[in-house]
Amino acid sequence: MASPLKGGLIQLFSIFTRLLVIALIKNHKEIVSGLPGKPGVYQFVDGYGNILYVGKAKNLKKRVASYFTKHQSGKTTVMLDRAYGIKHIVVEYESDALLLENNLIKKHQPRYNILLKDDKTYPWICIKKEPFPRVFSTRNTIRDGSLYFGPYTSGLMVKILLELIRQLYKLRSCTLNLTRPNIAAGKFKACLEYHIGNCKAPCIGLQSEDDYSQGIQQIREILKGNISAVIGHLKGLMKEYSADLRFEEAQIIKEKIEILSKYRSRSTIVSTTIKNVDVFALTQDNDNFYINYLKVIDGAVIQAYTVDIISRVNEEKESVLSTAITEIRQRLSSDSHEIIVPFMPDILFEGNKYTVPAKGDKLKLLELAERNAVYYKLEQRKKKEEQPPKDRTLKNLEKLKNDLHMSEMPVHIECFDNSNIMGRNPVAACIVFRNARPSKKDYRHFNIRTVGGPNDYASMEEIVLRRYRRMTEEGKTLPQLIIIDGGKGQLASAVKSLRELNLEDKITVIGIAKRLEEIYFPGDSVPIYLDKNSVSLKIIQQLRNEAHRFGINFHRDKRSSEMTKSDLDKIQGIGEKTKEILLTKIGSVEKIRMTSFEDLKNLVGKKKASILTGFLRK
């Protein structure tokens, strides 16, 4: 991918999409004017080309313009500050934008996109892609063409379904490679499962692949919830066998029908008129959205599933709902035509019917899903309350200790960051975390004393030396972990200072490079990469971002102070009291420069007004 270029546009054309990269996101008028009013997906990228956020839109021009014309939340503002460019992909239909957004989020896991959380330990039922497929439960899904049904929130339900399948169909449980050549070559022998009647021994050719496949097809329908279709098929088969005087086989089919009917009677029947629908309900708790999904087949709820979505840039509930519908329907391979929702999502699937019920059985279904979502929310809240904060903190610090291969628990962490603009007003910041929490009373600012010009390495060397020389002289407790905001160069400079103080082997020190969030260790040119969602990386990022914020604020204050001094303080005859009046009543030096002589005279007197206008307007 090409990186953003200042002052221009990079356009890449393909058969289906038009990709636009725009440099300098501050020029938002140019960005909006270059976007089409068509459906598509947009991506905010940083200066290194990393994707920060992926969004979908019915109208790309209007959606992207809204980021610059509306008041944004704090999180969105932070994302926009980090963004350096935008790229977009135009699609033909709105539903294509939904699917593309979902796939891009899965692939790139952007930092500011919503985080979909669910319990990945829930079991699935797998129909393996192989000759004479096995049917079994698993907690790991592998993309090898196998079919997965679930996830099931109840392990008991999985057990009941598998027992039902084994009662109805005699399937193999072995892992043999039952290809036709292997069977024809007589490579296998019948096992105990055949002799006790649990398997028909396809391994030695006693069951044809067509006969086995018919059973697998019926199992697929059962797992989809289409039990009525399976019963209907079996009834037809039973009549056929009876007509041919094959009474023993007809009796076996009859027993299967009875087992299926008994199982269906245990399902939650909500309506006999509703045939095949998906139901989605949403409830919110601050930045957490809880979406409950119900699968209804022939009026019975055959599956319930809840996910937790964390919003990182204050997503609208309509956008969260459309994302959840896309993800859940893809994951569970749902083909229901009708979707019942509490309100209309921002983007709809082509060819699907969306219903916001006001009364009747569909409203009752929606209320059932909403109760499930609320119960799940309360359950998650209770879990958090029951886990003491100290336990969570210790668990997180233990994880960080293990990930960084430390010998001590990092209960005291310090992080350093430099700030300057072309070498002017060089400053640095040191922030302190104790027990994974900011200890703001211990934060420190540094004015760089010994370095001239923009030299981050020398600046880092100076402040680390000053910080820990003073701490050792005053006998203060040293941190277990030092984080340097920067790559190998800044890290080497910090280590040089620690070596001078004989602290190199006493404190763990790492550097974090912004581009790919690489973690560097002293003397090792190869970084490590922590999982994007790991607690350890989040703690390190929190420290780095806090140091950056603290340092930037100090640098901004220093610049403002210098600008004020460089003008008003140079004017002879304008004292501190007059300067205070001017800045309080008018504001900035630039505003004072634009103020009329009459207004200045009324504020500070004729003589001082003449001095001000004479000096500032030269």
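Scoring rules and cut-offs
- Residues numbered from 1 in each chain as written.
- Predicted model: local features only at pLDDT ≥ 70, side-chain atom pairs only at ≥ 80, totals over all residues.
- Heavy atoms only, no water.
- Pairing = 2+ DSSP bridges.
- Helix = DSSP H or I, 4+ residues; strand = E, 2+ residues; numbered from the N terminus.
- Axes fitted to C-alpha atoms, helices over the stretch in contact; angles between N-to-C directions.
- Contact = heavy atoms within 4.5 Å.
- Phe/Tyr/Trp six-rings, centres within 6.5 Å; stacked < 30°, edge-to-face > 60°.
- Buried < 20%, exposed > 50% of the residue type's maximum accessible area, 1.4 Å probe, protein only.
- Lys NZ or Arg CZ within 6 Å of the ring centre and 35° of its normal.
- Parallel < 35°, antiparallel > 145°, perpendicular 65-115°, else oblique.
- Left-handed = near helix turned anticlockwise from the far one by under 90°.
- Nonpolar A, V, L, I, M, F, W, Y, C, P; charged D, E, K, R; others polar.
- Salt bridge = Lys/Arg side-chain N within 4 Å of Asp/Glu carboxyl O.

**Q** I keep staring at the sheet that holds strand β7 (residues 124–127) and nothing clicks. Help me out?
**A** Backbone hydrogen bonds hold the strands of a sheet together, and the pairing may be parallel or antiparallel. A sheet is described by the order of its strands in space; here three strands give the open sequence β8-β7-β9, paired in antiparallel fashion. Lying at the two open borders of the sheet, with one neighbouring strand each, are β8 (135–138) and β9 (147–149). Strand-to-strand twist across the sheet, computed as the mean angle between neighbouring axes with direction ignored, equals 30°. Examined bridge by bridge, β7 and β8 share four bridges and lie antiparallel to one another. Along β8, the bridge assignment pairs Ile125 with Ser137. Packed onto the sheet, helix α8 (residues 209–224) meets β7, β8 and β9 and runs at close to 160° relative to β7.

**Q** Could you clarify how one ought to interpret the packing of aromatic side chains in this entry?
**A** Geometrically, a pair of aromatic rings is defined through the distance of the ring centres and the angle of the planes. Under the criterion given, the structure shown has 10 aromatic pairs. Aromatic side chains Tyr42 and Phe44 sit 6.0 Å apart centroid to centroid with 85° between the ring planes, which places their arrangement in the edge-to-face category. The exposure classification of Tyr42 matches that of Phe44, with both residues buried. Following the ring pairs from residue to residue traces out a cluster consisting of Tyr42, Phe44, Tyr53 and Tyr67. When the ring centre of Phe343 is taken as reference, the NZ or CZ atom of Lys317 above it lies at 4.7 Å.

**Q** Please explain the packing of helix α17 (residues 576–585) against helix α19 (residues 597–604) as it appears in this structure.
**A** Any two packed helices are characterised by the angle at which their axes cross and by the distance between the axes. Following both chains from N to C, one finds α17 and α19 inclined at 125°, their axes separated by 11 Å at the closest point. In terms of orientation, α17 and α19 fall into the oblique class. Classified by chirality, the crossing of α19 by α17 is right-handed. In this structure, α17 contributes Thr578, Ile581, Leu582 and Lys585 to the contact, and α19 contributes Leu600, Leu603 and Val604. Within the contact of α17 with α19, the residues separate by chemical class into five nonpolar, one polar and one charged.

**Q** Explanation requested: the pattern of salt bridges in the structure shown.
**A** In a structure, side chains of opposite charge can pair up when their charged atoms sit close to one another. The tally for this structure, following the rule as stated, stands at 26 salt bridges. For Lys128, the salt bridge is made with Asp144, and the minimal N-O distance between the two is 2.8 Å. A residue pair is termed long-range when its members are at least 10 positions apart, and Lys128 in the loop between β7 and β8 and Asp144 in the loop between β8 and β9 qualify at 16 residues. Using a relative accessible area of 18% as the deciding quantity, one classes Lys128 as buried.

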